[in-house]
Amino acid sequence: MKKITFLLFIFCSLNVLGQKQLKIEIDNPEPRVGQNVTFSINIDFLTDYFKKELDRNIEFTRSIPIYGMQSDDLERVIIFKKAKKYKIGPFDFEFNGKKYTTETIEVNVLPKLPMENGLWLRKTEFDGQQYLILEQLIHNKSNRTSNKNGGYSQTLGGIKPQGKEFAELKEQLTEGIELNNYGSFSNTIRPEGADFLDVGFSYSIKKYKIIFDDDFAGEYLISEKDFENLPEIFEIGEIKLKR
């Protein structure tokens with residue numbers, strides 16, 4: 001029995017060694033229920049294959065840019081419907097006689113935000129990298145205007161009140177800690193079951209990578225002075241940064 005187990009272990013190990021492992025990436029390290037999350041797998045080996053197989057008089061360019069960005073990744077938008085921790089992968093497939101497998105990632109999905117004015121800051125970690133995620137909701141106002149023909153025009157969900165700006169974190173927190181804002185997004189959302197004329201909220205999410213200097217030691221507590229455009233009412237809790 002021990003010999004059979006040992007031989008099976010060798011066979012499985014050789015099978016894994018014969019596969020090329022591909023990296024899975026998502027654009028939000030800790031999304032919420034209902035949010036769009038871009039899920040991508042690098043497939044640059046396809047580019048290498050096409051370049052090799054095409055006539056040398058044919059130039060093979062990169063993928064068509066979308067929103068000014070170019071990528072050799074297979075990308076799909078996924079939406080999580082329940083708050084929990086998900087395990088994604090591994091995905092195994094074969095192309096041109098060669099086996100490929102992806103890594104496995106875990107994604108922690110949080111509940112939806114309450115539909116109210118507020119500011120939410122949290123620290124999370126994904127694939128060994130620490131992040132700060134800043135979210136904010138600002139209640140909109142109606143911009144309904146009437147015209148001389150008895151009609152009217154109005155932005156669906158309303159607009160952000162004039163003079164109200166989304167909060168953001170400063171890039172330089174303290175000596176030895178910098179923030180890299182690698183993704184920001186804002187849109188208008190409305191509560192479920194809202195009527196057509198009901199106003200909603202302006203939503204913003206900003207994602208920051210936490211960059212520590214090699215010689216940084218100790219910890220740093222996030223405070224009001226690390227923000228710009230803080231609202232009148234907010235609560236950020238106690239968030240400590242350390243390597």
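In what follows, the structure referred to is the one given above.
These numbers were taken from a predicted model, which means no experiment stands behind them.

**Topic: the sheet that holds strand β10 (residues 129–139)**
So, step 1. Strand order across the open sheet formed by five strands is β9-β10-β16-β15-β14, with antiparallel pairing between neighbours. The open sheet has two edge strands, β9 (118–126) and β14 (172–174), and neither has a second partner. Taken over all neighbouring pairs, the strand axes of this sheet differ in orientation by 25° on average, direction set aside.

**Description of the side chain of Ser40**
So, step 1. As for its placement among the helices and strands, Ser40 is situated in strand β3 (residues 36–42).
So, step 2. Taking the relative accessible area as the measure of exposure, Ser40 reaches 7% and is therefore buried.
So, step 3. Sequence-distant contacts of Ser40, defined by excluding residues within four places in its chain, comprise Lys23, Ile24, Glu25, Asp73, Leu74 and Glu75.

**Overview of the sheet that holds strand β1 (residues 20–22)**
So, step 1. Strand order in the open sheet formed by three strands is β1-β7-β6, with mixed pairing between adjacent strands. Two strands lie at the open edges of the sheet, namely β1 and β6 (92–95), each paired on one side alone. Across the sheet, the mean angle separating the axes of adjacent strands is 35° when strand polarity is ignored.
So, step 2. Sheet topology places β1 next to strand β7 (residues 98–102); three bridges connect them, and they run parallel. The residue of β7 that forms the bridge with Lys20 is Tyr100.

The rules we used
Residues numbered from 1 in each chain as written. Predicted model: local features only at pLDDT ≥ 70, side-chain atom pairs only at ≥ 80, totals over all residues. Heavy atoms only, no water. Pairing = 2+ DSSP bridges. Helix = DSSP H or I, 4+ residues; strand = E, 2+ residues; numbered from the N terminus. Axes fitted to C-alpha atoms, helices over the stretch in contact; angles between N-to-C directions. Buried < 20%, exposed > 50% of the residue type's maximum accessible area, 1.4 Å probe, protein only. Contact = heavy atoms within 4.5 Å.

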